[in-house]
Amino acid sequence: MLDEFIVLATQAMVQCCNSTPGQQVCEMGKPVKKRSVSDKVRRSSAHAQIKMNPFEVKINKKKFDVLGRKSKHDVGLPGVSRSKAHNKRKHTLLKEFRMKHKANAFIDRRFGEYDTKMAPEDKILQRFAMERQRSQGKKDMFNLNDEEELTHYGQSLAEMEKFTDGVDSESDSEEKGLLSAEITASHFGGGGGLLRKKTSEEEETKNKTRQELIEELILKSKQEKRERQTQKEETHELTEKLDQEWKSIQNLLAHKTPKEREEEKDKPKLNEYDMMVRELGFEMKAQPSEKLKTPEEIAREERERLQKLEADRRRRMEGEVEEDPKHTHTSADDLNDGFILDKDDRKTLSYQDGKWNIEEEEGEGRDDEEENDDEGDDDDDDDGGGSGGDDEDNDDEDDDEDNDDEDDDDDDHSDLEESRDDDEEDEGEEDEEKEEGSTAEVKRTLSEEERREIQDTARAELPYTFTAPECYTDLKTMLQGHSAEEQCLILERTKKCNHPSLAVGNKTKLQKLFGFLLEYVGELATHNPPQLTTINTLIPQIYSLSQLFPGAACQVMQSLIGDAAHSMEQSIEVKGRAAIPGLDMLIYLKIVTLLFPASDFRHPVTTPAFLYISQALAKCAVMSLESICAGLILCCIAVECVSLSQRFIPELINYLLGLLHLAVPTHTCTDYHVVPPFRPQGKSSELLRVCDPQSARSWTRKSISLSSAHRVTATTERERDHYKLSVLYVCLDLVKRCTALYQQLPAYQHIFQPIRILLAKHLPVTDYPSALQELHKEILEVIPETPSQHAPLVFDKKKPIPLKLLQPKVVEVLDYGRKRGNTKEEKERERLKHKYKKEFKGALREIRKDTRFLAHTKLSDTLRRDVERKRKVKELYGSLATQEGEWKALKKRKRK
Amino acid sequence: MAVGAVSHDLRAHEGDIYTLELGACVFLSDGADNMAPSKKHNVKKSEAENRQTSYKQVINTKTELILQSRKHANSVFDLLEYLQSEKEKEVVCAINACQKLFCELLERGELYAGQLPKEEEILQGDRDADEKYHMFIRHRYNSCVELLVENIGHESYQVKESALCAIMKFAAAEGKHPLQKQDWSQHYSFPKELISGVVWALLSEKEDMALLISRFQEFLEMDDVRYYVMNSARDNIHRVMDRNKRAEMPVYQNNVFTLLTNITVPSQGSEITNFLVKQEGKYEDWKAAKLKEHKRAFELMWLTFLKYKLPMSMYKKVLVILHDSVLPHMSDPTLMIDFLTAAYNVGGAISLLALNGLFVLIHEHNLDYPDFYKKLYNLLDPSVFHVKYRARFFHLSNIFLSSSHLPVYLVAAFIKRLSRLALTAPPTGLLIVLPFICNLIRRHPSCRVLIHRPSAADETCTDPYVMEEEDPAQCHALESSLWEIKTLQNHYHPDVSKAAKAINQALPEPEDDISDLLELSTFELMERDLKSQSQSVPLEFDSAPSLLQSPREVLGLHFSLE
């Protein structure tokens, strides 16, 4: 017992000694790393030595000390830096010099060899992973025999498991209070101790054999150990036997004795600790999960998906029925009875918002509608950069995992499943296609009609990819002949196929698309009758495009409004008046309010739009019911725009007054003034007068069609009267809204005074339906007859001018006295200039040093060559001299 | 030699002339001498295309022939017939030919000068053949001029223009070679009849001659022509208007106006050097060479024109140019007072326009106009912000109200009224009127109480200002405050709102320059926003599911898509 402890202790000590630098070169499993560490240590120590060496250090003398200033360069190591520079040149410049005029090059094709950014460990890891991947090809997918060895720190896990079993049994048998080698190693030797143990033990014995005594001792102990082991095994068997027997009678025992309990308690204590250590040692590090996809990736996937769908559709259009290759494969377990599981109705595991999703089980076998829904979702993802797409992918992965788990339980189709799952990994959403394929498979043979049917449906189906239109006619041809929903879908797909992150030119393409789309909207609005529902469905597309490219949307809108305003201005200049803007312009203005915030104080789009509206309200002649409708639409838009900001639009009030004036039967009174474009009297100044009071009874409130700005459909007198009443209703409602909006203005009463007079005295309300009368009454209640009271105006209170302070003004000095210049730009300029100068000088210096180095190497090369040559010449001379000498000697000898 | 030949030719022709006069327009073709009628016969009979190409040749050769020898003189009738042709090109060609022919003849002195006996009397008198020939040519010349004047009323502009030019050429030629016997009491001669004929033709009662009159302007550069045109125009207006019993005649008056506006009198007497007809003798005595006479003629012409009732649009047109191109050239501008006062009393836009002329008279000619400011005050109504002449009006009001001697109550009344009217004004108008009001307050510091009344800051009161009061002294403007401007601080346009916010602080000393703002149009205002390239464009964050579905929908409540 004791001697074993000694042995183990010495082992540990030796281990400690061995871990000193320099000696452990080829000993352990990871020599490379060790060496690098030791190198580092040595270098650092050398560096420290140099630093300590007063002859190496050059102290830069300071003229005077400045408090708080940190100087980097008070101490320099010229020798070190020189040698560093020299070494660097040797590795770079010299190499280049040597390789000069040499055409061939040595290229290391290993992964990441020239990638300086990668850490060497990463490189190794990556290489290893690649090698593994290469070996794990498809051919040995089903190779069950060649199981790869799992390792931890380069050691087989399987072995380790065996090993720990032994330890367990040993530690079990060990008496309490004694430290086993295993335990000491694991407890005190750090995490790696366990793993090194075996090898170190062997070595230990080798070392000890020299001392015979000890050897004997060991031999003895070994013998004893063996004996003991055999003994233990025997006892073990016996105990196991006993245990089994004990188990059989365990139930008979009612309760345990306290002593037994104590023992049980004590033992787990140790075990728990050990287990913990082991667990920590072997704990798998957290695996990196799949990273979140960037919006670009999502967009790319989306495009690929659409392209795939398109290719598929095309194929179907050409009549090739998809022969599903997966089902041609027959399983080994196939009974060949023609039965194929065509629908997987097993539950699949999927998560939604972190919860296990049980309801949504149709992971496979989705149908068309759902796919459309998905597209809608994806749309959202585009905007929000959300993770809907990822969720889907994750779902699929989950499916796979699930299936893998279930493979063991499944007895049939298991391998079929597997092959299918692999494919599913990349075309998860295509299941419905597969559905079709598989159903086709069931029927095996398709009749000609069915084939044709598929072809037809494919033809009717929309293509999945669209090129972005280059000009307006392109867009028109693309959209024409489709229903509104289809047009929406087409635009959606175009947008996805040309997402700006997919290619460089896509951004401008989509920006252009926005312009064309608006043009298209304008054209739809000018149709007769205007296709407003189509426009309505296009709005989300326009909105999302504008969200993508605010700048382009702004420009397009600006140019539209600018052009319209320009033409209106011109016609006013020439003719003195202008026609009310058409329905297309009204729609544009409405779109402006949808796309841009109208409440901004100044906005590049909405401010001009406001001006345009007010200009139209102030200048456009009111000649017909159509123009009244258009004007009313403008008024509505204007009210909408200011409903948040409560800004005052004089033209709006003027216009409403003018419209109400048109309903007044006699134009003799002059106690209120109408403002141009309305005239107190004259033609078309009784446009809204209701001809037949009887028609008021049959009037019911309903919304006016937008297209009546284009053409009023009412033909009979009664219909026209109804229309007029509707217009008046809208008018009064707008007036009411305005009163609510402008209630707070100081001149509120003056603003609404004319309208009040008109409503109270001149409007023939009694002839109107009750709804109108009610509105009329409400308005009159809201507008006071006498002006409200206000405090006289006073200037805003000025802030008191602060007293002059005599504190010093603190100016931030960034770099002491270096940078002149007052403004930020000047300072920056000076700084950059200085930096440039410094860099330039540095570069010059470096170049000079380089040339000096090269000259030096050249010189040393020539010197070396000269020396060589001299040596050789000397040698030759020497040999010649000896020859000569020999020859002379021979001659002499002969002569003699 | 040559004279002998000519006389012989004439003798040979005498018979023809005689028959001509008797047989009206029927030509008797007798003998080889009379080639022209037969030729004409051929022309008539020949094909249309032939004619088209040949009429030029025919006309040219005839002119040549007439010029070559007297025996072809009868061809003149053919030329004159061409002048009445229905084909535009033929007429133009004929006009040119006539012009060439008669100018040449005038130069040669072959036209009879002096009192012309009647056509029938030519043969009766005891005259030699030469004289007879001259008389004959002179008669043809006269009828040619008549035809040309008629042609000025032709529907084709080309014909009109060439006719006009031809007459003016004749006038020039006549000036050089006067057809009147030199009257020794007056040492100058001028073809007045021709000019008055042109003027009568130009001032048509039926069609708009604006184009031709602008062509005529070239001739109006010449001082003597202008002088006589002015005289004959006056005469013309007088007669035509009296004949029509002083009723409005839009077309005619428009023509007159165009002609009148094209006449500009030189500002200095030394500039009168450009004459159509060079007089040999004394310039000084000639009326057309005197600036004073010019001015008189100009003044009389305009006064005659304005004496009669004008259509409204014409009224405006006249008033627009009056101060600039009429008043300075009159010898006595005060004569316009009646006209301007009448216009000022009409009201509306015409009053606004009359202001300008009145201003000139008040400013330069010491006109004392009672209650001028009261009238000006009453001119202010909502339409001043909407009329075309807004810039002019504010420019003038700015001048009128720039006097520092005006009473405070008056200025305050103006300020208050303008700000009340501003509640209905378009943004461009507001951008004028807001700095305008601020300027008035600056000029008259005692009006500062309108925007700053700390003494009664706590007491609330209703607006004491009476908008309906016509007398600025009685309207209590000075007791009020500019709550309207305060209201306009909430105007939708950022520039207006900013301008209105100026009254929140004490106004800085220097006045705002409103001259740049006067002509500002809505589009220019819009362009400020359109052109400024801002980096970021804020977007609506509420998504738009459909056209009529927004968080603050009003349109959708009243209108539907179908």
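Residues numbered from 1 in each chain as written. Chains lettered and ligands numbered in written order. Predicted model: local features only at pLDDT ≥ 70, side-chain atom pairs only at ≥ 80, totals over all residues. Heavy atoms only, no water.

Points about the overall build of chain B
Now for step 1: Looking only at helices and strands, one finds 25 helices and one strand in chain B.
Now for step 2: In chain B, buried positions account for 53% of the 562 residues.
Now for step 3: Of the accessible surface of chain B, which amounts to about 26,400 Å², a share of 51% is contributed by carbon and sulfur atoms. (Helix = DSSP H or I, 4+ residues; strand = E, 2+ residues; numbered from the N terminus. Buried < 20%, exposed > 50% of the residue type's maximum accessible area, 1.4 Å probe, protein only. Areas by Shrake-Rupley, 256 points an atom, 1.4 Å probe, with all protein chains shown as cover.)

Topic: the pattern of salt bridges
Now for step 1: For the structure on display, the rule yields 29 salt bridges over all chains.
Now for step 2: Between K416 of chain B and E484 of chain B there is a salt bridge, and its shortest N-O distance comes to 2.9 Å. Residue K416 of chain B is located in helix α19 (residues 408-421), and its partner E484 of chain B is located in helix α21 (residues 483-488); the two are separated by 68 residues in the primary sequence.
Now for step 3: Residue class for K416 of chain B comes out buried when judged on its relative accessible area of 0%.
Now for step 4: Measuring nitrogen to oxygen at the nearest pair gives 2.7 Å for the salt bridge that ties E484 of chain B to R420 of chain B. Taken together, the residues E484 of chain B in helix α21 and R420 of chain B in helix α19 connect sequence positions 64 residues apart.
Now for step 5: Using a relative accessible area of 1% as the deciding quantity, one classes E484 of chain B as buried.
Now for step 6: Connected through salt bridges with shared partners, the residues E302, R305, E492 and K496 of chain A form a single ionic network. (Salt bridge = Lys/Arg side-chain N within 4 Å of Asp/Glu carboxyl O.)

Some details on the interface of chain B and chain A
Now for step 1: Chain B puts 73 residues into the contact, and the matching count from chain A is 85 residues.
Now for step 2: Counting the surface chain B buries against chain A, the share from its top three residues, Y492, L547 and H558 of chain B, is 12%.
Now for step 3: Taken together, the connections running from chain B to chain A amount to three salt bridges.
Now for step 4: Across the pair D495 of chain B and R602 of chain A runs a salt bridge, and its minimum N-O distance is 2.2 Å.
Now for step 5: Applying the counting rule to chain B against chain A returns 26 residue pairs in polar contact (both at pLDDT 80 or more).
Now for step 6: Counting only elements with at least two residues in the side of chain B that touches chain A, the list comes to α21, α22 (494-500), α24 (522-531), α25 (555-558) and β1 (559-560) of chain B.
Now for step 7: Top contributing element to the side of chain B that touches chain A by residue count: α24 of chain B, with six residues.
Now for step 8: Of the residues contributing to the side of chain B that touches chain A, the split by class is 35 nonpolar, 23 polar and 15 charged. (Contact = heavy atoms within 4.5 Å. Buried area = accessible area lost by both parts, 1.4 Å probe. Polar contact = N/O pair within 3.5 Å; in protein donor to acceptor, adjacent residues only side chain to side chain. Nonpolar A, V, L, I, M, F, W, Y, C, P; charged D, E, K, R; others polar.)

Things to note about unusual backbone geometry
All names here are of chain A.
Now for step 1: One non-glycine residue with positive phi stands out, namely H101, at about 60 degrees.
Now for step 2: Here H101 shows up in the loop between α3 (78-98) and α4 (120-135).
Now for step 3: When its relative accessible area of 78% is taken as the criterion, H101 is described as exposed.
Now for step 4: The backbone phi angle of Q646 is positive, close to 55 degrees, even though this residue is not glycine.
Now for step 5: Examined against the element boundaries, Q646 turns out to sit in the loop between α24 (625-645) and α25 (650-663).

Let's talk about the nonpolar core
Now for step 1: Y742 of chain A together with W302 and F305 of chain B are the most contacted members of the largest nonpolar core, which totals 308 residues.
Now for step 2: Sorting elements by how many residues they give to this core places α24 of chain A first, with 14 residues.
Now for step 3: Residues contacting Y742 of chain A, with those up to four places away along its chain left out, are V642, Q646, R647, F648, I649, L652, I653, Y748 and F752 of chain A. (Core = buried A, V, L, I, M, F, W, Y, C linked by side-chain atoms within 4.5 Å.)

Focus: helix α14 (residues 312-326) of chain B
All names here are of chain B.
Now for step 1: Along its length, α14 shows its largest kink, about 35 degrees, at V320.
Now for step 2: Buried within α14 we find M314, Y315, V318, L319, I321, L322, H323 and V326.
Now for step 3: On the buried face of α14, the contacting elements are α12 (250-262), α13 (291-307), α15 (337-346), α16 (349-365) and α18 (390-400). (Bend = angle between axes of the 7 residues up to and from the residue.)

Topic: the environment of R679 of chain A
Now for step 1: Tracing the sequence through the fold places R679 of chain A in the loop between α25 and α26 (695-698).
Now for step 2: Taking the C-alpha atoms as reference points, R679 of chain A and H667 of chain A, 12 residues apart in sequence, are found 10.0 Å from one another.

Thoughts on the packing of helix α21 (residues 550-575) of chain A against α24 of chain B
Now for step 1: Closest axis-to-axis distance for the α21 of chain A/α24 of chain B pair is 10 Å, and the angle between their directions is 165 degrees. With respect to each other, α21 of chain A and α24 of chain B are oriented roughly antiparallel. For the element pair α21 of chain A and α24 of chain B, the recorded crossing hand is left-handed. Between α21 of chain A, through Q558, I561, G562, A565, H566 and E569 of chain A, and α24 of chain B, the contact on the second element is made entirely by T522, F523, M526, D529 and L530 of chain B.
Now for step 2: Considered class by class, the residues forming the contact of α21 of chain A with α24 of chain B number five nonpolar, four polar and two charged. (Axes fitted to C-alpha atoms, helices over the stretch in contact; angles between N-to-C directions. Parallel < 35°, antiparallel > 145°, perpendicular 65-115°, else oblique. Left-handed = near helix turned anticlockwise from the far one by under 90°.)

A short note on the packing of helix α11 (residues 223-243) of chain B against α12 of chain B
Residue and element names in this part refer to chain B.
Now for step 1: At a minimum axis separation of 12 Å, α11 and α12 run at an interaxial angle of 165 degrees. When the axis of α11 is compared with that of α12, the two are roughly antiparallel. Taken as a pair, α11 and α12 cross one another with a handedness that is left-handed. For the pair formed by α11 and α12, the contact residues are V229, A233, N236, I237, V240 and M241 on the first element and Y252, Q253, V256 and L259 on the second.

Some points on the environment of N60 of chain A
Residue and element names in this part refer to chain A.
Now for step 1: With respect to the helices, strands and loops of the structure, N60 is situated in the loop between β1 (58-59) and β2 (75-76).
Now for step 2: The partly exposed category is assigned to N60, whose relative accessible area is 29%.
Now for step 3: For the pair formed by N60 and G76, sequence separation is 16 residues and the distance between their alpha carbons is 7.1 Å.
Now for step 4: In this structure N60 touches H73, D74 and V75, once residues within four positions along its chain are discounted.
Now for step 5: Separated by 3.0 Å, the side chains of N60 and K58 make a polar contact.

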